[in-house]
Amino acid sequence: MNKKTVRDIDVKGKRVFCRVDFNVPMQDGNVTDDTRIRAALPTIQYLAEQGAKVILASHLGRPKGKVVEEMRLTAVAERLSELLGKKVVKTDEAYGDAVKAAIAEMNEGDVLLLENVRFYPGEEKNDPELAKAFAELADVYVNDAFGAAHRAHASTEGIAHYLPAVAGFLMEKEIEVLGKALSNPDRPFTAIIGGAKVKDKIGVIENLLDKVDNLIIGGGLAYTFVKALGHEIGKSLLEEDKIELAKSFMEKAKEKGVNFYMPVDAVVADAFSNDANTKVVNIDEIPSDWEGLDIGPKTRELYRDVILKSKLVIWNGPMGVFEMDTFAKGTKAVAQALADANDTYTVIGGGDSAAAVEKFGLADKMDHISTGGGASLEFMEGKQLPGVVALNDK
Ligand SMILES: Nc1ncnc2c1ncn2[C@@H]1O[C@H](COP(=O)(O)OP(=O)(O)OP(=O)(O)O)[C@@H](O)[C@H]1O
Ligand SMILES: O=C(O)[C@H](O)COP(=O)(O)O
């Protein structure tokens, strides 16, 4: 990475504004998955050990510029405090005099968490006044929020214009892993793209077609491709306006010598329900009043073979409606194949695929699970992430 990191600066005695992505799932006021908090610990601990006064900032949810009580970061501060084994002071605001007073009380190595930065309308507008108000709190800016790096907001981008600005360890690792995969991949290089909609994956498929050896399609979006081949897809998900695009992707794959893998069979259901009647059919035999909700057993085998023969696999998006056990087998089979592929470097591109790998208890078998859903998707589309661009060059 050509950006400076926390290793390149001296933070001793300095106030460090460290943007993290603590946008974690919550239920009844409790953090239900602390993966993102744990992922930021190396940077936080390093800064504290180096004698910095660590001022953490994050968003939680989408409060749209207003205070939403359930989106306060209080429970996050408590969880962080447990993980660090020391007290984390939490302020009720994210800037201003009360916050400055709390920071003035900090000793070297202390950690403080600001209130949800999205309680202020200026955050998502990237208002320079808010960015300056954040910058006034600190001497140095560290961005470790890879998950929010695709957002040009006051705490992810704006502030970097007013302070020395460097990357944290998580940001560095995410950019290095995904960057190497896209620029200098070990081959055979396979991408597995699933999820609900073609619309959301157009940029990724376009960009990856120039780089991969194998492209595997699954999930709801596969049915638009099946339709493009002229088959009946019943009530399966279809994006009528993307049929031509699906055809052009398949043609482009052929021109470029990319092996394009599509489901050869499907688990179809007579209703969108875990208790629906189901059957396995060949992909060109979907009954007109049934819908495809998972890849079938032959497809699972086919995809497993491709995965096991790859040196590098990137996966984004589930193979079926994995939230319902009846339709989770395809997604589980892909996760299991990745877990079994010992000579393969496996990268999980955040979002639902990361959730699936966690759900199946296979997370520790993967080489890299990105903490960014939207961010990793944009990175895989080949886009520059504003939160990274704004950091100081080496
Ligand atoms: N055959 C299918 N029919 C309908 N929905 C499906 C099908 N296969 C997968 N899905 C749904 O697609 C959703 C995931 O799609 P999405 O495009 O959001 O994935 P993702 O890219 O991993 O998510 P994120 O945006 O969180 O990164 C899941 O909720 C899953 O139930
Ligand atoms: O959960 C995420 O993907 C990041 O925290 C970004 O959140 P956002 O989509 O609300 O900007």
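Because the structure is predicted, anything quoted here is derived from the model rather than measured.

Engineer: Can you walk me through the packing of aromatic side chains in this structure?
Structural biologist: By the definition in use, this model includes 7 aromatic pairs. Seen in terms of ring centroids, F225 and F249 are 6.5 Å apart; in terms of plane orientation they differ by 20 degrees. Their pairing is stacked. Linking F225 in helix α8 (residues 222–228) with F249 in helix α9 (residues 243–256), this pair joins segments that are 24 residues apart in sequence. Each member of the pair F225 and F249 is classed as buried. Judged by centre distance (5.6 Å) and plane angle (40 degrees), the ring pair of F225 and F260 falls under tilted. In this pair, F225 sits in helix α8 while F260 sits in strand β11 (residues 259–261), placing the two residues 35 residues apart along the sequence. The class of F225 is buried, set by a relative accessible area of 0%. Grouping aromatic residues by their ring pairs yields a cluster made of F17, Y95, Y120, F134 and Y141. Over the ring of W290 we find K279, and its NZ or CZ is 4.4 Å from the ring centre.

Engineer: For this particular structure, what's the right way to read the pairing of strand β4 (residues 53–57)?
Structural biologist: Looking along a regular strand, one sees side chains alternate from face to face of the sheet. Of all 5 residues in β4, 5 are buried; the element is thus mostly enclosed. Judged by which residues are buried, β4 turns out to be covered on both faces: K53, I55 and A57 on one side and V54 and L56 on the other are all buried. With 5 bridges connecting them, strand β1 (residues 15–19) and β4 associate as parallel partners. Residue pairing in the sheet places C18 in a bridge with L56 of β4.

Engineer: Sorry, what's going on with the site of ligand 1 here?
Structural biologist: Not every one of the 18 residues close to ligand 1 is listed here, only the nearest: A196, K201, G292, E323 and D352. In this structure, G220 approaches ligand 1 through a main-chain N or O atom, which is 3.1 Å from a nitrogen atom. For ligand 1, whose unbound accessible area comes to 640 Å², protein coverage reaches 79%. Secondary structure elements with two or more residues in the shell around ligand 1: β14 (291–295) and α12 (351–359).

Engineer: Teacher, can you tell me more about the domain arrangement of the protein chain here?
Structural biologist: By a widespread convention, an interface's size corresponds to the accessible area lost as its parts come together. Partitioning the protein chain into structural domains gives domain 1 (15–171) and domain 2 (185–381). One C-alpha centre belongs to domain 1, the other to domain 2, and the line joining them spans 35 Å. Each partner contributes to the roughly 660 Å² buried at the junction of domain 1 and domain 2, and carbon and sulfur atoms together form 62% of this total. The interface formed by domain 1 and domain 2 includes 1 residue pair in polar contact (both at pLDDT 80 or more). Ranked by residues supplied to the side of domain 1 that touches domain 2, first place goes to helix α1 (residues 35–49) with 3 residues. Partitioned by chemical class, the residues of the side of domain 1 that touches domain 2 number 3 nonpolar, 3 polar and 1 charged.

Engineer: Just to check I follow, could you spell out the site of ligand 2 for this structure?
Structural biologist: Around ligand 2 sit D21, N23, R36, H59, R62, R118, G147 and R151, and those are all the residues in its vicinity. Within the side chain of R36, an N or O atom sits 3.0 Å from an oxygen atom of ligand 2. The separation between an oxygen atom of ligand 2 and a polar side-chain atom of H59 is 3.0 Å. Protein chains shield 86% of the accessible area of ligand 2, which is 310 Å² for the free molecule. Broken down by class, the residue content of the shell around ligand 2 amounts to no nonpolar, 3 polar and 5 charged.

Engineer: Is there a simple way to explain unusual backbone geometry in this structure?
Structural biologist: A negative phi angle is the norm for most residues apart from glycine, just as the trans form is the norm for most peptide bonds. Cis geometry marks the peptide bond from R187 to P188; its omega dihedral reads 0 degrees. Mapped onto the fold, P188 is located in the loop between α6 (169–183) and β9 (189–193). For D28, which is not glycine, the phi dihedral falls at a positive 50 degrees. Structurally, D28 is set in the loop between β2 (26–27) and β3 (30–31). At N126, a residue that is not glycine, the phi angle is positive and equals roughly 55 degrees. Looking at where N126 falls in the secondary structure, it is placed in the loop between α4 (121–125) and α5 (128–135).

Engineer: Could you clarify how one ought to interpret the UniProt feature "binding site: ATP" (unreviewed entry) in the protein chain in this entry?
Structural biologist: Mapped onto this numbering, the UniProt entry annotates "binding site: ATP" (unreviewed entry) at K201, G292, E323, G350, G351, D352 and S353. Taking the farthest pair of C-alpha atoms as the criterion, the annotated set spanning 153 residues is dispersed, since that pair is 24.1 Å apart. The residue K201 is located in helix α7 (residues 198–209) in this model. Its relative accessible area of 8% is what places K201 among the buried residues. A distance of 2.9 Å separates a polar side-chain atom of K201 from the backbone oxygen of G194. Filtering out sequence-adjacent residues up to four positions away, G292 remains in contact with Y223, S236, V267 and V268.

About the thresholds
Residues numbered from 1 in each chain as written. Chains lettered and ligands numbered in written order. Predicted model: local features only at pLDDT ≥ 70, side-chain atom pairs only at ≥ 80, totals over all residues. Heavy atoms only, no water. Phe/Tyr/Trp six-rings, centres within 6.5 Å; stacked < 30°, edge-to-face > 60°. Helix = DSSP H or I, 4+ residues; strand = E, 2+ residues; numbered from the N terminus. Buried < 20%, exposed > 50% of the residue type's maximum accessible area, 1.4 Å probe, protein only. Lys NZ or Arg CZ within 6 Å of the ring centre and 35° of its normal. Pairing = 2+ DSSP bridges. Near = heavy atom within 4 Å. Polar contact = N/O pair within 3.5 Å; in protein donor to acceptor, adjacent residues only side chain to side chain. Areas by Shrake-Rupley, 256 points an atom, 1.4 Å probe, with all protein chains shown as cover. Domains from an automatic or database assignment. Buried area = accessible area lost by both parts, 1.4 Å probe. Nonpolar A, V, L, I, M, F, W, Y, C, P; charged D, E, K, R; others polar. UniProt positions renumbered as here; feature names shortened; annotations may be inferred. Contact = heavy atoms within 4.5 Å.

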